[in-house]
Amino acid sequence: MAYSRAVAEPRVALITLGCARNEVDSEELAGRLATSGFSLVADADDADAVLVNTCGFVEAAKRESVETLLDAAGQGRDGRPRAVVAVGCLAERYGVDLARELPEADAVLGFDDYPDIAGRLRSVLSGDHLEAHVPRDRRTLLPLAPVDRPGTHVHVPGHAAPAAAGRPEGGSGGATRGAPWIRRRLSGGPVSSLKIASGCDRRCAFCAIPSFRGSFVSRPPEEVLAEARWLAGQGVRELVLVSENSTSYGKDLGAPGALEALVDGLAEVDGILRVRVSYLQPAEVRPGLVRAMVRGATIADYFDLSFQHASPGLLRRMRRFGGAQAFLDLIGTIRSQAPRAGIRSNVIVGFPGETAQDLDVLMEFLSEARLDAVGVFGYSDEDGTEAAGLDAQLPESQIRRRVGEVASLVDELMAQRAQSRVGELVEVLVESVEVDVVEGRAAHQGPEDGSTRVRLTARTAAGGALAGGAVAVGDMVTARVVASDGVDLIAEEAGHDHA
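All values derive from a computational prediction rather than experimental measurement. (Residues numbered from 1 in each chain as written. Predicted model: local features only at pLDDT ≥ 70, side-chain atom pairs only at ≥ 80, totals over all residues. Heavy atoms only, no water.)

(A) How the structure looks around helix α2 (residues 59-72). The terminal C-alpha atoms of α2 lie 20 Å apart, and with 14 residues this matches the ideal 20 Å at 1.5 Å per residue to within 8%. Every buried residue of α2 is listed here: A61, K62, S65, T68, L69 and A72. In an axial view of α2, the angular spread of the buried residues amounts to 125 degrees, which keeps them on one side of the axis. (Helix = DSSP H or I, 4+ residues; strand = E, 2+ residues; numbered from the N terminus. Expected span 1.5 Å × (residues − 1). Buried < 20%, exposed > 50% of the residue type's maximum accessible area, 1.4 Å probe, protein only. Arc of directions from axis to C-beta.)

(B) Broad picture of the packing of aromatic side chains. Counted according to the given criterion, the structure contains 6 aromatic pairs. Ring plane angle 35 degrees and centroid distance 4.5 Å describe the contact between F307 and F327, whose orientation is recorded as tilted. Of this pair, F307 sits in the loop between β11 (302-304) and α9 (312-317) while F327 sits in helix α10 (residues 324-337), placing them 20 residues apart in sequence. Like F307, the residue F327 is buried in the burial classification. What links up through ring pairs into an aromatic cluster is the set F206, F351 and Y379. Between R276 and the ring centre of Y302, over which it is positioned, the NZ or CZ distance is 4.5 Å. (Phe/Tyr/Trp six-rings, centres within 6.5 Å; stacked < 30°, edge-to-face > 60°. Lys NZ or Arg CZ within 6 Å of the ring centre and 35° of its normal.)

(C) Layout of empty space enclosed by the protein. Inspection of the entire model under this criterion finds 5 cavities of 30 Å³ or more. As a volume, the largest cavity reaches approximately 90 Å³. In terms of lining residues, the largest cavity is bounded by 14 residues, among which R138, H155, V156, R213 and G214 are the most central. Its residues assigned to classes, the lining of the largest cavity shows 7 nonpolar, 5 polar and 2 charged. (1 Å grid on protein atoms, 1.4 Å probe; cavity = no way out; pocket = protein on both sides within 12 Å on 5 of 7 lines; lining within 4 Å. Points joined across faces, edges and corners; volume = space filled by probe spheres on them. Nonpolar A, V, L, I, M, F, W, Y, C, P; charged D, E, K, R; others polar.)

(D) Up close: the sheet that holds strand β6 (residues 191-195). Within the open sheet, the 3 strands sit side by side as β6-β9-β10. Their pairing is parallel. Where the open sheet ends on each side, the last strands, each with one partner, are β6 and β10 (274-277). This sheet shows a mean twist of 25 degrees between the axes of neighbouring strands, independent of strand direction. One ladder, built from 5 bridges, connects β6 with strand β9 (residues 238-242); its direction is parallel. Its bridge partner lying in β9, L194 is registered against L241. (Pairing = 2+ DSSP bridges. Axes fitted to C-alpha atoms, helices over the stretch in contact; angles between N-to-C directions.)

(E) Expanded view of helix α3 (residues 88-101). The end-to-end C-alpha separation of α3 is 17 Å, well short of the 20 Å expected for 14 residues at 1.5 Å each. At Y94, α3 shows its maximal kink, close to 100 degrees. Residues G88, C89, L90, A91, E92, R93, Y94, G95 and L98 constitute the buried set of α3. The inward-facing, buried residues of α3 contact α1 (20-34), β3 (49-54), α2, β4 (83-87), β5 (107-108) and α5 (209-213). (Bend = angle between axes of the 7 residues up to and from the residue. Contact = heavy atoms within 4.5 Å.)

(F) Structural detail: the state of the cysteines. Scanning the model with the defined rule gives 0 disulfides in all. Free cysteine: C19, not disulfide-bonded; nearest cysteine sulfur from C55 at 6.4 Å. You can see C204 has no disulfide; the closest cysteine sulfur is in C207, sitting 6.1 Å from it. For C204, a relative accessible area of 12% translates into the label buried. (Disulfide = S-S within 2.5 Å.)

(G) Structural context of a negative patch on the surface. Together, D360, E364, E368 and E405 make up a negatively charged patch on the protein surface. Here the negative patch gets 3 residues from one element, more than from any other, and that element is helix α11 (residues 356-369). Here D360 is to be found in helix α11. Residue classification places D360 among the partly exposed positions, given a relative accessible area of 49%. (Patch = residues over 30% accessible without salt bridge, like charges linked within 9 Å, V, L, I, M, F, W, Y side chains within 5 Å. Areas by Shrake-Rupley, 256 points an atom, 1.4 Å probe, with all protein chains shown as cover. Salt bridge = Lys/Arg side-chain N within 4 Å of Asp/Glu carboxyl O. Lys, Arg positive; Asp, Glu negative; His and termini not counted. Charge placed at Lys NZ, Arg CZ, Asp CG, Glu CD.)

(H) Expanded view of the nonpolar core. Core analysis: the largest hydrophobic core is formed by 75 residues, its most contacted members being F303 and F365. Residue contributions to this core peak at 7 residues, all from helix α12 (residues 396-419). Residues in contact with F303, not counting those within four places in the same chain, are L280, V290, M293, V294, I334, A341, G342, I343 and R344. With 25 residues, the next largest nonpolar core counts F38, A49, C89 and A208 among its residues. (Core = buried A, V, L, I, M, F, W, Y, C linked by side-chain atoms within 4.5 Å.)

Here it is as structure tokens:
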């Protein structure tokens, strides 16, 4: 055990791995710790304890999580070994097995430990032994029928925290108190993820996420809107709506069209300049949702569509729907209403049974679709998934070759798509400022989809002649694209609005 004494005002560092949903969960943990006497520090070397919010999605992410836990072990600020605690998806998914294989971790905690994370961490620092989390299929914790799920008492990270006391606090990095959530921002930028739901009811053959994240649960819209207003008060100007499946939002609330209504409401939050929706299932994208996402100036013309592949036969084997033509039709519907909309996706290459013809279908689809951003992943078996037991598994060497082939094509296509935007006017949310150049993202660019550098005019550059004219982080700059560099754009300022 790392410590054998209590620490009066313990200092804790949080390390977050994986997706934007995990980032929200870390901010819940930070809020709970900050309101319970812990001091949050950015550097593990300054901490008494390090909380590693792990990722358990694919093999590479698991390796990174284990390596990070091992790296976190070391000397604390007073020369004693600092405590290392694993939380997050890898800890939830493997629990006692992870603890057995990784004795360097002083505790392995699951999602049900989050409401009392401060108490758990104090116990670790006092030298107490905590039993490692025992994994279970979290889908069994909620009713089978979605409409029966609201009001059930199961902790879902990033959702309601009814035990919080007090009132919400403002100010940069402040923690909420007394709101129906608890959160402390760990970064001060103008962009923040906002969780609208958790879990998934789909049964994709390759995915283990529902087993450890649980069944689908929507957050009530009033809770989401309240947190959005709090984030706006923290200086946030762009909200990125995250979940495991955003197109299912509201199905457990008995509210058809709930996502459309939610984005309309979020667009009206004072101080929010852009709302971006992520994690859309193509088979669930309704015409009304497309209309809602393109009709308002505050809603980004941006569609994060999880295609995964394009061969209809292989998609059925994946337990998914659609195919190249259906996906092209959806893309056509979007672009008929918003011709310059950004569309991104992920694809899996090398799924069991993928033939050369399936691969050709995928590559032809990608060539026709002209997507702005594509993530290419090689298939790997995941514990407890249907795909792990399928026949016709492809050799690793063949999967690597196919990934390289698709990735090369995708790089070329994304660069062409960016080049096609030369001459276009874009609205760029400023995230960093130099003397005469700012950098941020246009509406078609998600948080990991490239950026836009904007050359400022003399009057709005830092120290410009016009008083009050300098562009600042959080401003929205109108710019004309003059060049591209891969997926990134270079533009010249045409005007801007202060945050």
